[in-house]
Structure formats: structure tokens, C-alpha cells
Amino acid sequence: MSSHTDAARTLGVGILGAGPVTQAIHLPSLARLGDLLTVRHIMDVDASVAESVAARVGATHSTSIDALLGDPAVDIVAICSPHQFHAEQVIAACRAGKKAVLCEKPFAMNAEEAARISAVSEETGVPIIVGAMHTFDPGWSAAQEHWDNLPDTAHTIRSSIVLPPNSRFEDFATEIITRPAGGTPDYSDPEVIKQSLKGGIMGLAIHDLPLVRRFTPDFKDIEVLEARIVRPFGYVISLRTPTRTIELRAAMNNTWKPEWSFEALSDHAALRIDFTPSYVQAGSAVATFSRATESGPETTIHGPFEHNGYEGEWRELAALAAGTKQPPSAQTLIDDLTFALDIADATLAAVDAQLTGDTQPTTQPAREGAHA
């Protein structure tokens, strides 16, 4: 069978935004899935970037969203543009009759945008997934299959991230914080502290917050106990619900050993998932269970697996577009987003309270209509 015929059988992908996320994450992932997906169209507001990136994969290029959405060769749209454009572009892609949409996080800037997206997805039947790669990692899937009742019994959940900074790419790729040229932020300014913390939550911690929420049945009743920055870049945020203690930690420094781990602990069992660093193609996560049994401690390890979460996203999209898999609940996407927004809002309120000397925990009330 000719390669042209093979390509004709695959689903066509169009990508809005041709920056480092597209170039370093999505294109290498798609290159490994040539039997399922083919990049057909690259759009970027910078014409030279669009042309250059499209040339790598033999795709059409444009500077127009309408051109990409109107391209009949595009079945799946990936939205990799600046986050303030995500909601309107997700809605436009759904209305354009595409088969599935991938939106980089966050897929909306507030609960109102999220509700609009949910309504349009339901109206059009177009499935949407959000690019939080950890939820599509085979290591996370293996954990789900083997954790028994741990989500019900866990009392402590931790997300811990240690990464070397890469200012050339990570501002764009993860939207952590906007760094002043040639130096660290001025942390003597309370507004800089608050924006750094918010950026850390919505750009970095957000990858693990759907995982945290899975272990937090009372996630609507979240309160912040402590929130502080870590120099030169990072955060320590301690939270609690009526039944859970949650720790979110990140440090970006010149470490020789990157680490990204998620942990859930109960009285008699513990799960640890070691993820590979973000923004690289370094394989899947590994899930380790430790349990207390009558015969003594028992440890089981699952992974590493044959692909990572970035590739997992695209496998999921191909299945959704082909109609061989049920789409995720729109309410799940909304709950994941509002959970992150609630934590961000409560964190900023906690910082204000610390600055004014009010050290009481800061509770973030649930957003009206945001949770099922």
C-alpha cells in the first residue's frame, strides 16, 4: 500500500500556535503516531514561524485561524496559543465541526468561560480534552488500576517538583511566571509574590491538580494554611479540606537531578508516581505502591511503559475522533479548572492575610454553579 494511501487513512491534525510546545512536545509525539495521525495544517501569527514549522512535516501553513478551521483536511484541532485565547478558540473549533479538540491548559480563564465551553461541546458533540499530560500517562493509568480504595482512605496528598529553569522555553511552555530580563522577580513587591504564586499554580501545579482532586472527595471545601515563594523560582503551598492534607511544592533551580513526584498516603498504603520532567520526551511515569500486609511491607512497581503522557494525549484524541472511546465528562474538565482557580484565589487571599497580619486559614468558597 502506498504511503499516500496510508496517510489518507489517518486523521488530520491542525495546530493553532507553532511555538516551543508545538515544536518540542507535539510534533515529536505525532511523529511516533504516523499510523493514526498526520499533521495537515500549522497556524501561527508569525508567518515565518508557521511556514518553517509546517515545512518540517509537509503541512499547509497559515496565519489565520479561519483558514485552519476551514481546512477540510483537519479533523482534530490542537490549541497551543496564548492562554487568554483558549476559550474562544475551543468554541470556534467545536462550531467548525471538527472531530475532537485538544486545548493546552488552562482551557479557560474562569468558570464562566468553562461553562460556555461545556455548553458548546454538549451542543455540538465535539469532545474536548485538556493537555494536562500526567492524566494521560500510562503510569497514572496503572496507578488507577491498582490503587484499590486509596482515593477514599488517603489523608495526605503531595505534589513535589524540582526542575532546572530554562527561561528561553519554560515561560512560553508552562506560563509559570514572566521573568524580568537578566534577573529574578522583585519579591519585595507583594503583587509580584502573588502573581508568581498564581503563575506557579496555573502553569505548573495545574498538571497535578486533577490527580490531587481524584484523591480529595471534599475538594470544594479547600483552605490554604500557608503560601510562600521559593527563591529563585517556586512555591510551597499547604492546604487542607475537612479530611485531607495537601502539599504543593516546586523549586526551579540549577539542580543536576530533576524530580517530579505525586504521592497519596493512607494509614496502611502509599502511592508514589515519579513523572519524567515536563517539556522533554523522557518516557513514562513509574507508579510504586507500598502496603502494610500481615506478612510485612509489600511493594509493587508499575512501569516504565512504552509511551509518555504527551503521546497518551494524542492516542486519546485519535480514539475520540474515531468514535471508539467515550469522551470525558465536560463537568470533569470544569471541576478540574475550578479546583485550580479556587486554590489560586485562596492562595492570593492567604498572601494578603499574611501581609496584613491575619494568620487565619483562608477558605475559598465554592464557585456557584461550578461543581456538580
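The shown structure was predicted, so the numbers you read here are calculated from the model rather than taken from an experiment.

Novice: Before we go on, may I ask you to explain the overall build of the protein in this structure?
Specialist: Within the protein, the secondary structure is distributed over 13 helices and 15 strands. Within the protein, the proportion of its 372 residues that are buried is 54%. For the protein, long-range pairs separated by at least 24 residues make up 68% of all intrachain contacts whose partners lie at least 6 apart in sequence. Taken as a whole, the protein presents about 16300 Å² of accessible surface, with 51% of it coming from carbon and sulfur.

Novice: Looking at this structure, I do not really get the side chain of S159. What am I missing?
Specialist: Inspection of the secondary structure puts S159 in strand β7 (residues 156-163). Excluding its chain neighbours within four sequence positions, the residues that come into contact with S159 are D208, E247, L248, R249 and S261.

Novice: So what exactly am I meant to see when it comes to the layout of surface pockets here?
Specialist: A probe matching the size of a water molecule, rolled over the atoms, marks out where space remains unfilled. As a volume, the largest pocket reaches approximately 720 Å³. Contributions of two or more residues to the lining of the largest pocket are made by β6 (128-130), α7 (138-146), α11 (209-214), α12 (309-322) and α13 (330-356). By residue class, the composition of the lining of the largest pocket is 15 nonpolar, eight polar and eight charged.

Novice: I'm lost on the pairing of strand β13 (residues 286-293) in this one. Help?
Specialist: Along any regular strand, the residues point their side chains to alternate faces of the sheet. Inspection of the sheet shows strand β12 (residues 269-275) paired to β13 by six bridges, in the antiparallel sense. Bridge pairing links A270 to S290 in β13. Of the strand pairs in this sheet, β13 and strand β14 (residues 296-302) are connected by seven bridges, and their pairing is antiparallel. Across the sheet, F289 pairs through a bridge with T300, a residue of β14. Counting the residues in the hairpin turn of β13 and β14 gives two residues.

Novice: Mind showing me how you'd approach the pairing of β7 here?
Specialist: Counting buried positions along β7 yields six of eight residues, so the element is predominantly enclosed. Two strands pair when backbone bridges link them, and β7 and strand β10 (residues 245-252) are joined in this way by eight bridges, in the parallel orientation. Counterpart to R158 in the pairing with β10 is E247. As defined by bridge partners, β7 adjoins strand β11 (residues 259-265) across seven bridges and the pair is classed as antiparallel. Its bridge partner lying in β11, I157 is registered against A264.

Novice: Teacher, can you tell me more about the state of the cysteines here?
Specialist: Working definition of a disulfide: a covalent bond connecting the sulfur atoms of two cysteines. For the structure shown, the criterion picks out zero disulfides. Sulfur of C94: no disulfide; nearest cysteine sulfur belongs to C103 and is 10.0 Å away. C94 gets classed as buried once you look at its relative accessible area, which sits at 2%.

Novice: I keep staring at helix α2 (residues 20-31) and nothing clicks. Help me out?
Specialist: Since the α-helix turns once every 3.6 residues, residues separated by three or four places project in the same direction. Its twelve residues give α2 an end-to-end C-alpha distance of 16 Å, which sits within 8% of 16 Å, the value for a rise of 1.5 Å per residue. Among the residues of α2, P20, V21, T22, I25, H26, L27, S29 and L30 are the ones counted as buried.

Novice: Explain the packing of aromatic side chains here, please?
Specialist: The relation between two aromatic rings is expressed through the spacing of the ring centres and the mutual angle of the planes. Evaluated as defined, the whole model comprises six aromatic pairs. Summarising the aromatic geometry, the rings of W140 and W147 are spaced 5.2 Å apart at their centres and angled 65° between planes, so their arrangement reads as edge-to-face. Through a chain of ring-to-ring contacts, the aromatic side chains of W140, W147, F215 and F262 assemble into a single cluster.

Reading the values: rules and limits
Residues numbered from 1 in each chain as written. Predicted model: local features only at pLDDT ≥ 70, side-chain atom pairs only at ≥ 80, totals over all residues. Heavy atoms only, no water. Helix = DSSP H or I, 4+ residues; strand = E, 2+ residues; numbered from the N terminus. Buried < 20%, exposed > 50% of the residue type's maximum accessible area, 1.4 Å probe, protein only. Contact = heavy atoms within 4.5 Å. Areas by Shrake-Rupley, 256 points an atom, 1.4 Å probe, with all protein chains shown as cover. 1 Å grid on protein atoms, 1.4 Å probe; cavity = no way out; pocket = protein on both sides within 12 Å on 5 of 7 lines; lining within 4 Å. Points joined across faces, edges and corners; volume = space filled by probe spheres on them. Nonpolar A, V, L, I, M, F, W, Y, C, P; charged D, E, K, R; others polar. Pairing = 2+ DSSP bridges. Disulfide = S-S within 2.5 Å. Expected span 1.5 Å × (residues − 1). Phe/Tyr/Trp six-rings, centres within 6.5 Å; stacked < 30°, edge-to-face > 60°.

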